[in-house]
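Fold and contact review
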Amino acid sequence: MSKNVHRIFPTRFVKYPNRRVYDTLTGRYTTVLRIVDLLLAGERVTERASCREVTAEVLGEALWQDVREGRGPSREDLIGFIRAYRAVRMAASEQPAAS
């Protein structure tokens, strides 16, 4: 990987189609679980092919990996999160468009 990759992408982390994540600061590939704390602190991830931000997708992958390995939140916590998220999403869609 070229040292100039940071100039191309606006974020520190770049996600490739094979699910690998490249850290432009260290110049090395990393794992989703290794960067979760950095993402929670505000770092973002850009998809290599489209240059779109995919931080939320990467955080979702990290959560899914934890759930699969038995370290994730409880069933009740996930249900509560999804219900709260849907309520917020529904409320936002019912807001009148700004003119």
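Heads up: the structure comes first, above all this text.
The structure contained in this document is the topic of the report that follows. (Residues numbered from 1 in each chain as written. Predicted model: local features only at pLDDT ≥ 70, side-chain atom pairs only at ≥ 80, totals over all residues. Heavy atoms only, no water.)

Some words on the pattern of salt bridges
Keep this limit in mind: Each salt bridge in this description consists of a side-chain nitrogen of Lys or Arg and a carboxyl oxygen of Asp or Glu lying within 4 Å of one another. Relative accessibility under 20% of the residue-type maximum defines a buried residue, over 50% an exposed one, and the middle range a partly exposed one, all with a 1.4 Å probe and only protein chains included.
This structure, assessed with the given rule, holds eight salt bridges. Ionic pairing is found between Arg-52 and Glu-47, a salt bridge with its closest N-O pair at 3.4 Å. When its relative accessible area of 23% is taken as the criterion, Glu-47 is described as partly exposed. One salt bridge connects Arg-71 with Glu-69, and the closest N-O pair in it is separated by 2.6 Å.

Here's the deal with helix H3 (residues 55-68)
To be explicit about the condition: Helix and strand definitions follow DSSP, with helices as H or I runs of at least four residues and strands as E runs of at least two, each counted in order from the N terminus. Between the first and last residue of a helix there are one fewer steps than residues, each counted as 1.5 Å, and that sum is the expected span. Arc definition: it is the arc formed by the directions from the helix axis to the C-beta atoms. Here a residue-residue contact requires only that any non-hydrogen atoms of the pair lie within 4.5 Å.
For H3, spanning 14 residues, the distance from its first C-alpha to its last is 20 Å, which sits close to the expected 20 Å at 1.5 Å a residue. Three or more residues of H3 are buried, namely Thr-55, Val-58 and Ala-62. Taken around the axis of H3, the buried residues stretch over an arc of 65°, which confines them to a single face. In H3, the exposed positions that point more than 90 degrees away from the buried face belong to Ala-56 and Trp-64. Of the surrounding elements, those touching the buried residues of H3 are strand S1 (13-15), helix H2 (32-40) and strand S4 (45-47). Note on H3: the residue one or two positions beyond its end, Gly-70, has a positive phi of about 80°.

Things to note about the packing of aromatic side chains
Formally: Aromatic rings from Phe, Tyr and Trp, with only the six-membered ring used for Trp, were paired whenever their centres fell within 6.5 Å, and each pair was classed as stacked if the ring planes differed by under 30 degrees, edge-to-face if by over 60, and tilted otherwise. Consider the ring centre and the ring normal. A charge sits over the ring if Lys NZ or Arg CZ is within 6 Å of that centre and within 35 degrees of that normal.
Applying the stated criterion across every chain yields a total of three aromatic pairs. Taking 5.2 Å as the distance between ring centres and 70° as the angle between the ring planes, the aromatic pair formed by Tyr-22 and Tyr-29 counts as edge-to-face. What makes Tyr-22 buried here is its relative accessible area of 3%. What makes Tyr-29 partly exposed here is its relative accessible area of 36%. Seen in terms of ring centroids, Phe-81 and Tyr-85 are 6.4 Å apart; in terms of plane orientation they differ by 20°. Their pairing is stacked. On the criterion of helical spacing, the pair formed by Phe-81 and Tyr-85 is a turn pair, its members being four residues apart in helix H4 (residues 75-93). Feature note: the residues Tyr-16, Tyr-22 and Tyr-29 constitute an aromatic cluster, connected by ring pairs. For the cation-ring pair, Arg-20 lies above Tyr-29, with the distance from its terminal atom to the ring centre recorded as 3.8 Å.

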